[in-house]
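Each chain, letter by letter, is given below.
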Amino acid sequence: MSAPGVLSFTQQGWEQVLAKVKRALVYLDAACAESLHWGCGSTRLLEAVGGPECHLREFEPAAVGGGAKQPKAVFVLSCLLKGRTVETLRDIICRSHFQYCVVVTAVNHAVHLTANHVPAAAAAELEGQQPVFEQLEEKLCEWMGNMNYTAEVLHVPLLLAPVAPHLALTPAFASLFPLLPQDVHLLNSARPDKRRLGSLSEVDATALTPELFLQIRCLVSGLSSLCEHLGVREECFAVGSLSRIIAADLANYAPAKNRRKTATGRASVVFVDRTLDLTGATGHHGDNLVEKIISVLPQLPGHTNDVMVNMVELTALQNEDKSQNMVAPGCLAQPKDAAAKALWEALLSTKHKEAVMEVRRHLVEAASRENLPIKMSMGRVTPGQLLSYIHLFKNNLKALVSHCGLLQLGLATVQTLKHPQTAKWDNFLAFERLLLQSIGESTMSVVLNQLLPMMKPLNQRTNNDYSPEELLILLIYIYSVGGEFTVDKDLGEAEEKVKKALAQVFCEESELSPLLQKITGCDSSIKLTFHKSKIAVDELFTSLRDIAGARNLMKQFKSVYVPGNHTHQASYKPLLRQVVEEIFNPEKPDPVDIEHMSSGLTDLLKTGFSMFMKVSRPHPSDHPLLILFVVGGVTVSEAKMIKDLVPSLKPGTQVIVLSTRLLKPFNIPELLFATDRLHPDLGF
């Protein structure tokens, strides 16, 4: 048995669910389906259900109920059992013939008490009891139509989608994104004048909207369960304002107090706000094949972290019509296929060129093992060459089934290498390098003026020009890497020119993408006037200014930009690299921007005594396990960098990277310009 980790945590949770599903109809919500997809695979669930029919259904109001020959149902949900979620449960059960219902929630009972406004003192007295779950069990029997039928409600922490041994994501929290200064104004609108917040640094848990606070508490519930599985007592640290709130909530989470007393291991959990460095998330410097795959291939429906791979090359079908939907797409997650999983983990850990060679090596070895007539060719790997190897499996069903996972990854590689957006990746990279040099040598107004000629309306654009969404990515990159700047007359004029050009580009789109609909508030291009477009762009630039000032509250991590000199070109230094280097600084100074969150009186006394006595404050490098949680998403390249950097700075230290989602450049405008950041939809 290997040491506990993100995969064993996820699989252990799913084993509890699988023990309940025999001959049941299983309803899953999207986040739990994604956890299953990466942790065990849907085939594992189908095996546990048994029987020839497919008994998996999406949990939604319109879901089909159970027939007369389907007496058992299991609902697997990532959210609180409250409001719309309970109404959907009721509606499905009332139109079914169930006699046995099991409801699994990924949120523990303590958070349900908080959601139902039970005071902390009263909740403490209920330790060991689960009144919210018991009340719902009674309701389930009522809806089934017989109080003697069986109902069960239980908590299983299905928090993670384990992408690799060192990297896991939290699908239920994919929309969680750090706050910006403009959010402070929105929070203030609900507060009396005397209690107005001055800046993000003053925002604490009590200042948040009830929905955002509950979303954070649900996340903390899952992270506490992870720490329990890992057998660690965690010290919590934070870089950034929302991270500080999450870290403080985990440090003081009441149900965690008892397990910490008996934990034998120790860990540091460091939360980092994504908004402190959006350069890494919008840039194209990550020399990684997986990053390109998830950026250019279409998203797997209902998922935030996987893509659709077109499998038509392995069939006798001819898909000439590119607009046709894929009937049975492949994907990247291959949890049950050891060979494919080994290749996937190699792709996550290597540079683009080596990764493509690794795909070829795996295909050649698989074809050789199956005695397929392979023609070896050395030198540069081409998409055509990879495709010729994949075609060898086409008419050999046994070989195709045996290596199905590997073939999916091979086709994902081929489709990415041939994709027109991949060629554009290098254009982005070249322009970003030019911007880095310009930022050091020129003012922000000059940099913005360089962007103006690239802002072309639809009727003037070629395939090599930038779409409105791509222009937004470049603007976010510029404002994030540039950081705080002086506002002067030249900058005001340059910004105004860019705003007008961008507003015009939006107006002349023949069809508005979902992102542009969100930004402009118009569902069709016909309704979008220049006036409406300009108002939307003005608000957009408020967000860009917020991004530029995101590191203003930092003392040490004030910049991600390294100016050039006579020997080196200007470059970008990721904030996550700076954080990790500071954690493992051999001098071990007290971190300036990495705040420790005390978990009670003992910690506070330690911190107080350390001012005048030699008491060492908790330091994030104190423990053998570092859990780095990036709030708002992480890129594949960043996860690889952290995985490689930590052992080089402190050999023997284990690192786990957690984040809300895997990022591609297009995600950042979606998250940044989301209108529900303060009011997430929690299903009630």
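Residues numbered from 1 in each chain as written. Predicted model: local features only at pLDDT ≥ 70, side-chain atom pairs only at ≥ 80, totals over all residues. Heavy atoms only, no water.

Draft legend 1. Inspection of the packing of aromatic side chains at higher detail. Counted under the stated rule, the structure contains seven aromatic pairs. With centroids separated by 6.1 Å and ring planes inclined at 85°, the aromatic side chains of Phe59 and Phe75 adopt a geometry described as edge-to-face. Taken as a pair, Phe59 in the loop between strand S2 (56–58) and strand S3 (72–77) and Phe75 in strand S3 lie far apart in primary sequence, 16 residues in all. Plain terms: the ring middles of Tyr479 and Phe541 are 6.0 Å apart, the flat faces sit at 90° to each other, and that makes the pair edge-to-face. Here Phe541 lies in helix H24 (residues 530–548) and Tyr479 lies in helix H21 (residues 468–482), a separation of 62 residues in the sequence. Ring pairing ties together the aromatic residues Tyr27, Phe59 and Phe75, which thus form one cluster. (Phe/Tyr/Trp six-rings, centres within 6.5 Å; stacked < 30°, edge-to-face > 60°. Helix = DSSP H or I, 4+ residues; strand = E, 2+ residues; numbered from the N terminus.)

Draft legend 2. View of the packing of helix H4 (residues 84–94) against helix H7 (residues 131–144). Interaxial distance between H4 and H7 falls to 8 Å at its minimum, and their mutual angle equals 30°. For the element pair H4 / H7, the angle class is roughly parallel. In the packing of H4 onto H7, the handedness of the crossing is right-handed. Here Val86, Leu89, Arg90, Ile93 and Cys94 of H4 lie close against H7, whose contacting residues are Leu136, Leu140, Trp143 and Met144. Among the residues forming the contact of H4 with H7, the class breakdown is eight nonpolar, no polar and one charged. (Axes fitted to C-alpha atoms, helices over the stretch in contact; angles between N-to-C directions. Parallel < 35°, antiparallel > 145°, perpendicular 65-115°, else oblique. Left-handed = near helix turned anticlockwise from the far one by under 90°. Contact = heavy atoms within 4.5 Å. Nonpolar A, V, L, I, M, F, W, Y, C, P; charged D, E, K, R; others polar.)

Draft legend 3. Quick peek at the side chain of Thr416. Relative to the helices and strands, Thr416 resides in helix H18 (residues 404–418). Every residue in contact with Thr416, bar those within four places of it in the chain, is listed here: Lys292, Ile293, Val296, Leu297 and Thr422.

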